[in-house]
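Structure at a glance
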Amino acid sequence: MIKFFQLRIYLFFISLLLPNSKVFSENNLITAPSGVHELTLYLMPTLHPLDWESPSALYKSMRSCYIKTIGRPDNYLLGHVAVGLKTSLLSKPLLTAQTSGSLKEKLDLIFKKKVGYAIIGAPLQGRIETEAELRHKLHVYAKRKKLTFVRYQISEKAAQRILDFMKRYSGKMNDKYAPSDFYGGAFWPRFHHEGSGCSAFGVALLDLVNLIQPENEEWELNVKIPMHLIGGEYNNNKRVKYSTLRSTDKWYEGNGKVNEDYVVYSVYEPSIMFDWVMKKRQEQDGEYNAVEENGIPGVMVDMSNVVFDETEPFFMPRTEPNLFINHYLEKIKLSEER
């Protein structure tokens, strides 16, 4: 009975369910008029707030969030970010997102290997979500009033660069894998051979065409995960007890060694991004204009005159080592040698 209860609680790490046939909006399929280029980040928060104040607070809020939403279908338990690109360069608008792939892989890591908080940074199987899946989920989240968006008016050159990047990101980096075949919270998709999390994928597209503003730092959440909360192959196959997660009341503090005493974890948090947009709508600062799409509240900003370095490579080397990424790259290297 206890094990079954733990199973139900720890399924909060599973972020996708299969969609049904409902759609978001057929208007989204209309070809963009000549000269129109718009990049949109659709933001879906968790259905109940997560508390990142400490490892124990995160555990308890995750547990509460899952219990309260256990009967809700079509639920991204950790929130989600989808990307829309409407441009006259395409025959119809693009709707896409990076997501995880294998449910079994997550369950094995959580229950068999007991990797603890390594689950939020560990590289997993990934895939590009289909348009049908996303239109359905956006429709559901809109009805829940848990959907907003930030829309950027961009130049044609920016739209083309984004399209070129997406093609490279979803293309094979060797004979076996594409970056989009991998999902994980430690990835930054503009680094060589790395996959992405859902929010990092959207923000990386902004970075690609110089759209990230200093205020966007508010979207990012940073913590140092103590090594004793990381298990599995990332920490000598250590098995992290659930009681340890519940009782650890501080993220790592001090001057220890990175990737030995702690692991840096940074994420663009969908719920924080959602709240940021709703705040911008209220501020009416003249830069971000409050707009609606099919009754969905959002903001729009004109970035069509922003210039960017057209010669900058799509993918760059990672300069700071990361425990999760090191293991991932080693596996990719071994795979290429076989």
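First, a word on what this report is: a plain description of the structure on this page. (Residues numbered from 1 in each chain as written. Predicted model: local features only at pLDDT ≥ 70, side-chain atom pairs only at ≥ 80, totals over all residues. Heavy atoms only, no water.)

As for the pairing of strand β11 (residues 296–302)
In terms of residue burial, β11 counts as a mostly covered element, since six of its seven residues are buried. In terms of strand pairing, strand β6 (residues 148–153) meets β11 through five bridges, oriented parallel. For Arg151, the partnering residue across the bridge sits in β11 and is Met300. One ladder, built from five bridges, connects strand β10 (residues 289–293) with β11; its direction is antiparallel. Bridge assignment links Asn289 to a residue of β11, and that residue is Met300. (Buried < 20%, exposed > 50% of the residue type's maximum accessible area, 1.4 Å probe, protein only. Helix = DSSP H or I, 4+ residues; strand = E, 2+ residues; numbered from the N terminus. Pairing = 2+ DSSP bridges.)

Things to note about the pattern of salt bridges
Tallying each qualifying case throughout the model produces 19 salt bridges. Between Lys92 and Glu131 there is a salt bridge whose closest N-O contact spans 3.5 Å. Residue Lys92 is located in the loop between β2 (80–87) and β3 (94–96), and its partner Glu131 is located in helix α4 (residues 131–143); the two are separated by 39 residues in the primary sequence. By relative accessible area, Lys92 is classed as partly exposed at 39%. Looking at Glu131, the relative accessible area reads 19%, which means it is buried. Here Asp207 ties to Arg190 by a salt bridge, and the two come within 2.9 Å at their closest N and O atoms. On the criterion of sequence distance, the pair formed by Asp207 in helix α6 (residues 198–208) and Arg190 in the loop between β7 (182–183) and α6 is long-range, its members being 17 residues apart. Taking relative accessible area as the criterion, Asp207 reaches 27% and is therefore assigned partly exposed. When salt bridges that share partners are traced, they join Glu215, Lys279, Lys280, Glu283 and Asp285 into one network. (Salt bridge = Lys/Arg side-chain N within 4 Å of Asp/Glu carboxyl O.)

Side note on the sheet that holds β11
Sheet architecture is open: six strands sit in the order β3-β2-β1-β6-β11-β10, paired in mixed fashion. The open sheet has two free edges, formed respectively by β3 and β10, since each of these has just one partner strand. Strand-to-strand twist in this sheet, taken as the mean axis angle between neighbours without regard to direction, amounts to 25 degrees. Bridging between strand β1 (residues 37–44) and β2 involves eight bridges; their strand directions are antiparallel. Residue pairing for β2: Thr40 is matched across the bridge by Gly84. Packed onto the sheet, helix α8 (residues 270–283) meets β1, β2, β6, β10 and β11 and runs at close to 75 degrees relative to β11. (Axes fitted to C-alpha atoms, helices over the stretch in contact; angles between N-to-C directions. Contact = heavy atoms within 4.5 Å.)

Quick notes on the packing of aromatic side chains
For any pair of aromatic rings, geometry is given as the distance between the ring centres together with the angle between the planes. Applying the stated rule across the entire model yields 18 aromatic pairs. Their ring planes at 85 degrees and their centres at 5.2 Å tell us that Trp219 and Trp276 sit as a pair that is edge-to-face. Linking Trp219 in the loop between α6 and β8 (220–226) with Trp276 in helix α8, this pair joins segments that are 57 residues apart in sequence. As far as the burial class goes, Trp219 and Trp276 line up, both buried. (Phe/Tyr/Trp six-rings, centres within 6.5 Å; stacked < 30°, edge-to-face > 60°.)

What to know about unusual backbone geometry
Trans is the common state for peptide bonds, and a negative phi is the common state for residues other than glycine. The phi dihedral of Asn210 falls on the positive side, at around 60 degrees, and the residue is not glycine. With respect to the helices and strands, Asn210 occurs in the loop between α6 and β8. By relative accessible area, Asn210 is classed as partly exposed at 41%. Backbone geometry at Asn259 places phi at a positive 70 degrees, although glycine is not the residue there. With respect to the helices and strands, Asn259 occurs in the loop between α7 (242–247) and β9 (262–268).

Structural notes on the sheet that holds strand β5 (residues 124–128)
What the three strands build is an open sheet, ordered β4-β5-β7; its pairing is antiparallel. Lying at the two open borders of the sheet, with one neighbouring strand each, are β4 (98–100) and β7. Note: β5 against β7, two bridges, orientation antiparallel. Directly across from Gln125, in β7, lies its bridge partner Phe182.

A look at the side chain of Thr96
In this fold, Thr96 is placed in strand β3. Residue classification places Thr96 among the buried positions, given a relative accessible area of 6%. Contacts of Thr96, omitting those with residues within four sequence positions, involve Ala82, Val83, Ile128, Glu129, Leu134, Met166 and Phe201.

Description of the environment of Arg63
The residue Arg63 is located in helix α2 (residues 55–68) in this model. Separated by 13 residues in sequence, Arg63 and Leu50 place their C-alpha atoms 9.4 Å apart.

Quick word on α4
With 13 residues, α4 extends 18 Å between its outermost C-alpha atoms, agreeing within 8% with the 18 Å of an ideal straight helix rising 1.5 Å per residue. Among the residues of α4, Glu131, Glu133, Leu134, Arg135, His136, Lys137, Leu138, Val140 and Tyr141 are the ones counted as buried. Its buried side turned inward, α4 meets β1, β2, β3 and β5. (Expected span 1.5 Å × (residues − 1).)

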